Amino acid sequence: MARDRVNGAMTKATESAPLVFPFSAPPERSEAFEVAPGILWARIPLPFRLDHVNVYFIDDGDGWAVVDTGIDNEKARLAWDALLAGPLAGRRLTRVIVTHMHPDHIGLAGWLTEQFDIPLLTSQTAYIECLNLSLAPGKLQAPVYRDFYLRNGLDEAATALIATMGHDYLGMVAPLPPTFERLVAGDRLTIGKRNFDVLAGDRHAPEQLMLFNGEERLFLAADQALAKISPNVSVSAMSPRDDPLGLYLRSLGALKAGLPADSLVLPGHQLPFYGLHERVDELAAHHEARCEALLQACREKPHRPAELLTVLFTRKLDPHQMGFAFSELFAHVNYLLNRGVLKWIERDGRRARLAAAD
Ligand SMILES: [Zn+2]
Ligand SMILES: [Zn+2]
C-alpha cells in the first residue's frame, strides 16, 4: 500500500508545471521590495549555508507589522538598522509576528519588541518551546537523550554536538519579552486593511504559523513550503517515537486542499513563487522517494538506523551536519514504522535493527 502511494506521488511530481517566480532576484541588503501593495519583503543575513531569512513588513495603519526577524547577531542587527533607516524610515513598527521557534525566525523578536515597545504575536508552542530552552538549555545533555543517539548508531562526536544544541540555540536568540499575544489556527488577524486567516502546520516546527489573505491570495508560508529546499523535518530525542514526517505531509495536504493554486507564496527563505500545489506535490514526492529508498535498503538487509544515513545523504557529513541528518533520517524511519512497512528486530530485548515488514 505504501509503495502504491509512493509511485503515485512521484508520477504526479514529474508531470507538474514549473514554479513561477515573480522576482528573479532577492532584495540586496538594506533594500525592500514591494511584493503586494503595502507588503514589503527584505532579507536578514544568516551565518549558515542558507545565508538569509526572509522578513516581511505589512502595512498596519500608521506603521509596519513585522513577520519574522533573523537570528540575534551583530550582522543581523546591523541589517535591521539599515532597513529601519532606509525603506522603513518614517513609519513605526507596530508589532512582531513570529511564525515559529527556530532561531532564524524568532531570534531578534525580543530585541525588536523591547526596542520599540511593541507586542510579540506567535503560537503558544513557539513561545513556550523557546522559553523552555532558555530555562534549561543543558537539559538536552541528559543521559536519556544522549543514549537515544548512541543506541541508534550515531557516533560520540555527533551525539555530543546534538546534546549541546540548547546552548547553541540560546546563542542565536535574544531573551523573549515576558508576555506575548497568542495566535491560534482558525483566528482571523487584521493587519491594516487586510484580514489574514491564521493557519498552523506541523512539523517542520511544532505549531508553525502561516498567514493567508483570501482576497489577494497572499500566503505567508514561513518554512512550510520553500521553492527549492525541502524543509528540515526531524525527530528529537525528547519525543523519540514522534511522527513529524507524517504531520508534515498531512499539513502539506491541508495546504493544497485549502488554498488556491494561484496563491502568491511568500516563504521564509528563497524567492516568492506561484505554484503552491505543484510544490506541495514535489515535496511530498521527495519524502516518499526517500522513504522508498530506505525501505529498499532494509529489504536487502536489516540496518541499524545510523547505517541508513548514506542512503539519504550521499555527500560527506561533518559531525554537526550528521546530527541534523540523523534526526531527519529518523523522521522517515518513524513514518515507515508507524505505517507498518518497517519493523524493529530486537536483540537482547532492545530495538537493534530495522527490517522491511513485507
Ligand atoms: Zn524553520
Ligand atoms: Zn527558517
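Check the entry above for the structure.
Residues numbered from 1 in each chain as written. Chains lettered and ligands numbered in written order. Predicted model: local features only at pLDDT ≥ 70, side-chain atom pairs only at ≥ 80, totals over all residues. Heavy atoms only, no water.

Engineer: Outline the coordination of the zinc ion (ligand 2), listing residues and values.
Structural biologist: Binding of the zinc ion (ligand 2) to the protein goes through Asp104 (OD), His105 (NE2), Asp223 (OD) and His269 (NE2), at separations of 2.1 to 2.3 Å. Coordination at the zinc ion (ligand 2) is irregular, judged from the four donor atoms that bind it and the angles of 88 to 157° they form at the metal. Written as a sequence motif, the donor arrangement for the zinc ion (ligand 2) is D-H-x117-D-x45-H. (Donors = N, O, S within 2.8 Å, 3.2 Å for Na, K, Ca; no water. Tetrahedral: all angles 85-135°; square planar, octahedral: opposite > 155°, others 65-115°.)

Engineer: How would you summarise the pairing of strand 2 (residues 39-45) if you had to cite specific residues and measurements?
Structural biologist: Burial runs high along strand 2: six of the seven residues are buried. Sheet topology note: the strand 1 (residues 33-36)/strand 2 ladder contains three bridges and is antiparallel. Pairing of Ala36 across the sheet is with Ile39, part of strand 2. Count of turn residues in the strand 1/strand 2 antiparallel hairpin: two residues, of which Gly38 carries a positive phi of about 75°. Note: strand 2 against strand 3 (residues 52-59), seven bridges, orientation antiparallel. (Buried < 20%, exposed > 50% of the residue type's maximum accessible area, 1.4 Å probe, protein only. Helix = DSSP H or I, 4+ residues; strand = E, 2+ residues; numbered from the N terminus. Pairing = 2+ DSSP bridges.)

Engineer: Summarise the packing of aromatic side chains; cite the residues concerned and give the values.
Structural biologist: Remark: the centre distance and the inter-plane angle together describe each pair of aromatic rings, the angle taken between the planes. With the rule as written, the count across this model stands at eleven aromatic pairs. Where Phe23 meets Phe33, the ring centres are 5.9 Å apart and the plane angle is 20°; that geometry is what we call stacked. Taken together, the residues Phe23 in the loop between helix 1 (2-15) and strand 1 and Phe33 in strand 1 connect sequence positions ten residues apart. The exposure class of Phe23 is buried, given its relative accessible area of 18%. Grouping aromatic residues by their ring pairs yields a cluster made of Phe148, Tyr149, Phe326 and Phe330. In this arrangement the basic side chain of Arg91 is found over the ring face of Trp64, its NZ or CZ atom lying 4.6 Å from the centre. (Phe/Tyr/Trp six-rings, centres within 6.5 Å; stacked < 30°, edge-to-face > 60°. Lys NZ or Arg CZ within 6 Å of the ring centre and 35° of its normal.)

Engineer: Kindly report on helix 6 (residues 143-151), identifying the contributing residues and their values.
Structural biologist: Of all the residues in helix 6, the buried ones are Tyr145, Phe148 and Tyr149. Projected down its long axis, helix 6 shows its buried positions confined to an angular sector of 90°, all on one face. Helix 6 presents Pro143 and Val144 as exposed residues on the side facing more than 90 degrees away from its buried surface. Directly after helix 6, the chain includes Gly153, whose backbone phi takes a positive value near 100°. (Arc of directions from axis to C-beta.)

Engineer: Kindly report on the pattern of salt bridges, identifying the contributing residues and their values.
Structural biologist: If you walk through the whole model with that rule in mind, you get 17 salt bridges. A salt bridge links Glu328 to Arg290, with the nearest nitrogen and oxygen atoms 3.7 Å apart. Pair noted here: Glu328 is in helix 12 (residues 319-338) and Arg290 is in helix 10 (residues 276-300), with a separation of 38 residues, a long-range link. Note on accessibility: Glu328 and Arg290 belong to one class, buried. (Salt bridge = Lys/Arg side-chain N within 4 Å of Asp/Glu carboxyl O.)

Engineer: How would you sum up the sheet that holds strand 13 (residues 273-274)? Please name residues and give values.
Structural biologist: Strands sit in the order 8-9-10-11-12-13 across an open sheet of six strands; the sheet is mixed. The sheet is open, and its two edges are formed by strand 8 (188-191) and strand 13, each paired on a single side. Where strand 8 and strand 9 (residues 194-201) come together, four bridges link them in antiparallel fashion. Residue pairing across strands places Arg188 opposite Asp197, the latter belonging to strand 9.

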